[in-house]
Amino acid sequence: MHTTPPGPIDVPTVFPPVARFARTTVRLHPRRGTPTVDQSSMGGPLWWPADEPWPTCDGPDDFDHLDHGPAEPEVPLVPVLQLLADDVPELPFPTGTDVLQVLWCPFDHDPFSAPRPELRWRRRADIGARRQEMPKPDGEADPEHIPDPCVLDPERVIEYPGYDLPAAVWPQIRDTITQVERDTGWAYETDLAVASGTKVGGYPGWTQLPQWPVCRCGSTMQHLLTVASWEFSRGDEKRWIPLEDRPAMAGWDFDSPDDHPWRALQSPAGLMLGDAGGIYLFVCTKCPDRPYDYRFDCA
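Residues numbered from 1 in each chain as written. Predicted model: local features only at pLDDT ≥ 70, side-chain atom pairs only at ≥ 80, totals over all residues. Heavy atoms only, no water.

1. Re the overall build of the chain
And then number 1: The secondary structure content of the chain amounts to five helices and twelve strands.
And then number 2: For 299 residues, the compact-globule formula gives about 19 Å, and the C-alpha radius of gyration of the chain, at 20 Å, lands near that figure.
And then number 3: Seen along its three principal axes, the alpha-carbon backbone of the chain occupies a region of about 60 × 50 × 40 Å.
And then number 4: By the burial criterion, 52% of the 299 residues in the chain qualify as buried.
And then number 5: Looking at the chain as shown, the accessible area adds up to about 13700 Å², and 51% of this sits on carbon and sulfur atoms.
And then number 6: Computed over 26 positive and 47 negative side-chain charges, the separation of the two mean positions in the chain equals 7 Å. (Helix = DSSP H or I, 4+ residues; strand = E, 2+ residues; numbered from the N terminus. Rg over C-alpha atoms; globule rule 2.2 N^0.38 Å. Buried < 20%, exposed > 50% of the residue type's maximum accessible area, 1.4 Å probe, protein only. Areas by Shrake-Rupley, 256 points an atom, 1.4 Å probe, with all protein chains shown as cover. Lys, Arg positive; Asp, Glu negative; His and termini not counted. Charge placed at Lys NZ, Arg CZ, Asp CG, Glu CD.)

2. A closer look at the pairing of strand β1 (residues 23–27)
And then number 1: When β1 meets strand β8 (residues 155–159), the two strands line up antiparallel, connected through five bridges. By the bridge assignment for β8, Arg-23 is matched with Glu-159.
And then number 2: In this structure, β1 lies alongside strand β9 (residues 199–201), joined through three bridges in antiparallel fashion. The residue of β9 that forms the bridge with Val-26 is Val-200. (Pairing = 2+ DSSP bridges.)

3. Notes on the pattern of salt bridges
And then number 1: Tallied over the entire structure, the rule returns ten salt bridges.
And then number 2: For Arg-124, the salt bridge is made with Asp-98, and the minimal N-O distance between the two is 3.4 Å. Of this pair, Arg-124 sits in helix α2 (residues 124–127) while Asp-98 sits in the loop between β4 (78–84) and β5 (99–109), placing them 26 residues apart in sequence. The same class applies to Arg-124 and to Asp-98, which are both buried.
And then number 3: Glu-118 is the partner of Arg-120 in a salt bridge, and the nearest nitrogen-oxygen pair spans 3.2 Å.
And then number 4: Judged by its relative accessible area of 17%, Glu-118 falls in the buried class.
And then number 5: Connected through salt bridges with shared partners, the residues Asp-86, Asp-98 and Arg-124 form a single ionic network. (Salt bridge = Lys/Arg side-chain N within 4 Å of Asp/Glu carboxyl O.)

4. Side note on the sheet that holds β9
Sheet strands line up and pair through hydrogen bonds in the backbone, either parallel or antiparallel.
And then number 1: Strand order in this open sheet of six strands is β8-β1-β9-β10-β11-β12, and the pairing throughout is antiparallel. In this open sheet, the two edge strands, each paired with only one partner strand, are β8 and β12 (292–297). Averaged over all pairs of adjacent strands, the angle between strand axes in this sheet comes to 25°, irrespective of strand direction.
And then number 2: In this structure, strand β11 (residues 278–283) lies alongside β12, joined through six bridges in antiparallel fashion. (Axes fitted to C-alpha atoms, helices over the stretch in contact; angles between N-to-C directions.)

5. What about the side chain of Ser-40?
And then number 1: Summarising the element assignment, Ser-40 is placed in the loop between β2 (31–32) and β3 (41–42).
And then number 2: A distance of 3.0 Å separates a polar atom in the side chain of Ser-40 from the backbone nitrogen of Leu-84.
And then number 3: At 2.6 Å, the side chain of Ser-40 forms a polar contact with the side chain of Asp-87. (Polar contact = N/O pair within 3.5 Å; in protein donor to acceptor, adjacent residues only side chain to side chain.)

6. Topic: the packing of aromatic side chains
And then number 1: Overall, the coordinates contain nine aromatic pairs when judged by the stated rule.
And then number 2: Ring plane angle 80° and centroid distance 5.6 Å describe the contact between Phe-93 and Trp-121, whose orientation is recorded as edge-to-face. With Phe-93 in the loop between β4 and β5 and Trp-121 in strand β6 (residues 114–122), this pair connects stretches of sequence that are 28 residues apart.
And then number 3: On the basis of an interplanar angle of 90° and a centroid distance of 6.1 Å, the ring pair of Trp-170 and Tyr-188 is categorised as edge-to-face. With Trp-170 in helix α3 (residues 170–184) and Tyr-188 in helix α4 (residues 188–193), this pair connects stretches of sequence that are 18 residues apart. Tyr-188 carries the same exposure label as Trp-170, and that label is buried.
And then number 4: Each member of the aromatic cluster is reached from another via a ring pair, and the members are Trp-206, Trp-212, Tyr-280 and Phe-282.
And then number 5: The ring of Tyr-203 carries Arg-23 above its face, with NZ or CZ at 4.2 Å from the centroid.
And then number 6: The ring of Trp-48 is capped by Arg-122, whose NZ or CZ atom sits 4.2 Å from the centre of that ring. (Phe/Tyr/Trp six-rings, centres within 6.5 Å; stacked < 30°, edge-to-face > 60°. Lys NZ or Arg CZ within 6 Å of the ring centre and 35° of its normal.)

7. Quick notes on α3
And then number 1: For α3, with 15 residues, the first-to-last C-alpha span of 20 Å sits near the 21 Å given by 1.5 Å per residue.
And then number 2: Those residues of α3 not exposed but buried are Trp-170, Ile-173, Ile-177 and Val-180.
And then number 3: Along its buried surface, α3 packs onto α1 (11–14) and α4.
And then number 4: Looking at the residues trailing α3, positive phi occurs at Gly-185, about 85°. (Expected span 1.5 Å × (residues − 1). Contact = heavy atoms within 4.5 Å.)

8. Structural notes on the sheet that holds β5
And then number 1: Sheet architecture is open: six strands sit in the order β2-β7-β3-β4-β5-β6, paired in antiparallel fashion. Edge positions in the open sheet fall to β2 and β6, since each of these has one partner strand only.
And then number 2: Note that β2 and strand β7 (residues 150–151) share two bridges and pair antiparallel. Bridged to Arg-32 within β7 is Cys-150.

Right, dumping it as structure tokens:
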């Protein structure tokens, strides 16, 4: 169990103009472990049909990977997330499916200099015989782009927009933001608005200006999920470190040894995407085939 502590500030009461923008996000709380193929997981084994070829990076040519390495484009994709409808029913599963799988090529790609993800929606009852082993990642891949196996502990949290708050609303709350931070030390954007970490739904944790993709049907896509380098940004965040993890944070410091518990709590999957960035996946729920797109940003 992982519990995000409530803030001392009731956001819709103190900042009434943002109340209507509230969204529920599902914090996945990855923690290092040994997930099985029939569990939701990060970096764990996937429920993959035995007769379905494992996906590889699809090119388009020998120079698809930035820095021209490795030269061959067809490297195996690596498992990033497997999410079951039993655990995260909030996902917009297409009719007849109950599994979402996210994989990516662990090499940097244009246009974001980041791994390039792919999605699979499945129905467990249709999979039949399952693949027994996942292919090993390409030996030249960056280990910080290959998530270590983690179990998940989904938790629902209400969040509010930061960068995505309409420009017309900021003048209505700017003075209150300043007053609250002066009186309590709590900052709207980092402590009260958008939840940190790997999560489903809610708002992307942008560190740059928002870049919401538009579907071919003309609709703005919905934020499907975020894969984050860190579950919390600095180690001193007041809000986003779960209550159950706080005792292990005692004595933390950025100069602490690599085996200090806080490092495994901040980055349980061992990811580092750019400069502690995140990959944001988006999906169009108006199209039956669920077209998707992604964005990447970092500090």
